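Listed here are the chains, written in short residue letters.
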Amino acid sequence: MNIRTSERIELVDITQEVKSEVHKSGIVNGICVVSTSHTTTAIILNENETGLRHDILDFLEKLIPLSAGYQHDRIDNNADAHLKAVMLGSSETIPVMGGGLVLGTWQHIFFVEMDGPRQRTVNITLVNQ
Ligand code: ZN
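This next bit is on the coordination of the zinc ion. For a metal with four tetrahedral donors the ideal donor-metal-donor angle is 109.5 degrees, while six octahedral donors give ideal angles of 90 or 180 degrees. Those donors, His72 (NE2), Asp76 (OD), Asn78 (OD1) and His82 (NE2), are the protein atoms that reach the zinc ion, and they lie 1.9 to 2.2 Å from it. If you look at the zinc ion, its four donor atoms make angles of 92 to 155 degrees with each other, and the shape they trace is irregular. Here the donor residues for the zinc ion map to a single chain with the spacing H-x3-D-x1-N-x3-H.

Right under this line is the structure:
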């Protein structure tokens with residue numbers, strides 16, 4: 001699945017797209033792995049609430065500020081994005097039961113862009129039980 005991000009750092013809710021892939025596949029029970037192949041992006045599960053979305057991005061910026069003397073910035077100027085990606089992780093595994101994703105009421109699947117805007121790819125791997 002392709003995503004065109006529009007900010008340097010942003011959360012993109014991909015829950016509906018993943019649900020639609022699960023539905024199209026016809027899988028009933030198994031697991032769904034949502035992963036990213038990029039080194040400056042991540043996949044997370046959390047609530048899609050406007051304030052919280054800002055809080056998550058502010059938290060990441062506070063924890064790992066831009067251009068804070070990182071060695072990688074000497075060649076690429078995006079060390080903060082790599083470090084944020086290391087912290088968040090590149091995939092989430094979600095159970096599939098009865099043909100649908102097993103997610104909590106408030107859980108959404110987010111693609112986290114940390115060095116955009118760019119064209120990105122999200123991988124959805126389904127394993128039938
Ligand atoms: Zn880099």
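There is more to say, and it comes next.
Along helix α1 (residues 15–25), the positions that sit buried rather than exposed are Thr15, Val18 and Val22. Take α1 and look down its axis: the buried residues cluster within an arc of 70 degrees, on one side only. In α1, the exposed residues that point more than 90 degrees away from the buried face are Gln16, His23 and Lys24. Structurally, α1 contributes buried residues whose contacts are with β2 (10–13), β3 (30–36), β5 (91–97), β6 (100–101), β7 (108–113) and β8 (119–128). Looking one or two places after α1, you find glycine 26, whose phi comes out positive at around 80 degrees.

Cut-off values and rules
- Starting afresh in each chain, residues are numbered from 1 along the sequence in its written order.
- Since the coordinates come from a predicted model, pLDDT governs what is reported: local features require at least 70, and pairs of side-chain atoms require 80 or more to be given and counted, while whole-chain, interface and lining totals use all residues.
- Excluded from the side-chain calculations are hydrogens and water; all other atoms, namely the structure's heavy atoms, are used.
- The donor set covers N, O and S atoms within 2.8 Å of the metal, switching to 3.2 Å for Na, K and Ca, and it leaves out water, so a site may look short of donors.
- In this scheme the shape depends on donor count and angles: four donors with every angle between 85 and 135 degrees give tetrahedral, four or six donors with opposite pairs above 155 degrees and others between 65 and 115 give square planar or octahedral in turn, and any other case is irregular.
- Working definition: with a 1.4 Å probe on protein chains only, accessible area under 20% of the residue-type maximum means buried, over 50% means exposed, and in between means partly exposed.
- Helical segments are the DSSP runs of H or I of at least four residues, strand segments are the runs of E of at least two, and each set is numbered from the N terminus.
- To be clear, the arc concerns the directions from the helix axis to the C-beta atoms.
- Whether two residues touch is decided by their heavy atoms; if any such pair falls within 4.5 Å, the residues are in contact.

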